[in-house]
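# Tertiary structure, described
Given next are the chains, with one letter for each unit.
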Amino acid sequence: LVGIHPLAGHAENDLLRLAAAAEERSNHPLAHAMVDEAHKRDLTWKPAEDVQILPGRGLTAKVEGNECLLGNEVLFKEFAIALPSGLPAPEPGVTRLWMALQNVAAGYFDARDALRPDAANAIAALQHDGLRVLMLTGDSMAAAKPIAQQAGIAEVEAGLDPAGKLARIRALQQSGLRVAMVGDGINDAAALAQADAGIAMGSGADLAQEAGDVLLLRARPAGIPASIGLARATLRVMQQNLGWAMVYNLLGIPLAAGLLYPAFHILLSPWVAAAAMALSSVCVLGNSLRLRGWNPPIARGTAAR
């Protein structure tokens with residue numbers, strides 16, 4: 001949180017206190033930023049009532065008897081709340097969150113995204129593996145572009161609500177691509193469910209976690225290429241096991257049927273067949289256990305190319 005700007009005579013701490021009460025139950029990064037700042041200032045508040053999350057726009061709540069609304073400009077237009085004119089535009093990389101009390105603009109908050117330390121390496125690892133990386137965000141282009149540049153993402157699509165993200169995933173699939181979606185918020189749930197592979201972050205909303213096919217327990221971008229690498233390694237082991245089983249059966253079935261008997265008068269004893277089956281199972285299990293020694297690409301130092 002880089003700026004708190006009260007309007008209509010409201011005090012800064014009062015505005016932050018009411019906003020923290022409304023956002024306390026939200027998993028959105030902006031909500032965390034406001035609640036953390038309120039705790040730093042030793043502010044206290046009563047729990048909000050009737051909290052309703054409006055995906056891609058914000059939320060409404062009743063706080064200390066006030067009808068509180070927190071969200072973007074789209075939400076303000078939806079509720080026919082006039083935005084004050086003559087205010088400076090947010091700086092590049094800054095997201096602006098508006099607040100209204102009793103349907104009157106009461107102030108706004110400016111927040112700046114901070115890139116996770118391992119994000120750039122994770123993106124580089126994905127691109128090194130030949131994957132095309134896009135950023136789909138509900139933030140404005142001015143807020144999203146600097147973060148995308150720091151992360152090394154060239155394709156950015158901003159101002160997308162949940163339906164917009166879902167439509168973009170479907171468009172990519174209809175063009176013949178297989179799409180993996182990474183997300184952590186309620187706004188990402190539909191896109192996570194639509195994608196060929198939905199990767200949800202463990203620190204995100206419950207709905208996003210349920211919609212994803214893969215759940216990363218740690219909220220670290222490095223887990224994204226690691227999960228893809230582990231999936232590929234697992235698939236290779238499965239193919240190896242299947243190949244071993246096919247070779248074993250192609251050799252074992254004719255021998256068990258008496259292939260050697262006409263020429264050599266040799267028949268397999270039942271205990272030999274049982275031992276061969278046990279050996280086959282041990283080989284498959286041993287090959288699979290090699291995955292325990294697998295290390296993610298970033299740990300091997302191949303990601304930052």
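What comes next concerns the included structure.

Their axes nearest at 9 Å, the elements helix α1 (residues 12–23) and helix α2 (residues 29–40) cross at an angle of 130°. The orientation of α1 relative to α2 falls into the category oblique. Considering how the two elements wind past one another, α1 and α2 form a crossing that is left-handed. Of the residues in α2, those in contact with Leu-16, Ala-19, Ala-20 and Glu-23 of α1 are Ala-31, Met-34, Val-35, Glu-37 and Ala-38. Of the residues contributing to the contact of α1 with α2, the split by class is seven nonpolar, no polar and two charged.

What follows deals with the pairing of strand β3 (residues 58–63). Pairing analysis gives four bridges linking strand β2 (residues 49–54) to β3, with the strands arranged antiparallel. Bridge pairing in β3 places Ile-53 opposite Leu-59. Hairpin connection between β2 and β3: a loop of three residues separates the two successive antiparallel strands, and Gly-56 in this loop has a positive phi of roughly 80°. Sheet topology places β3 next to strand β4 (residues 66–71); six bridges connect them, and they run antiparallel. Looking at the pairing, Gly-58 lines up with Gly-71 of β4.

About the criteria used
Residues numbered from 1 in each chain as written. Predicted model: local features only at pLDDT ≥ 70, side-chain atom pairs only at ≥ 80, totals over all residues. Heavy atoms only, no water. Axes fitted to C-alpha atoms, helices over the stretch in contact; angles between N-to-C directions. Helix = DSSP H or I, 4+ residues; strand = E, 2+ residues; numbered from the N terminus. Parallel < 35°, antiparallel > 145°, perpendicular 65-115°, else oblique. Left-handed = near helix turned anticlockwise from the far one by under 90°. Contact = heavy atoms within 4.5 Å. Nonpolar A, V, L, I, M, F, W, Y, C, P; charged D, E, K, R; others polar. Pairing = 2+ DSSP bridges.

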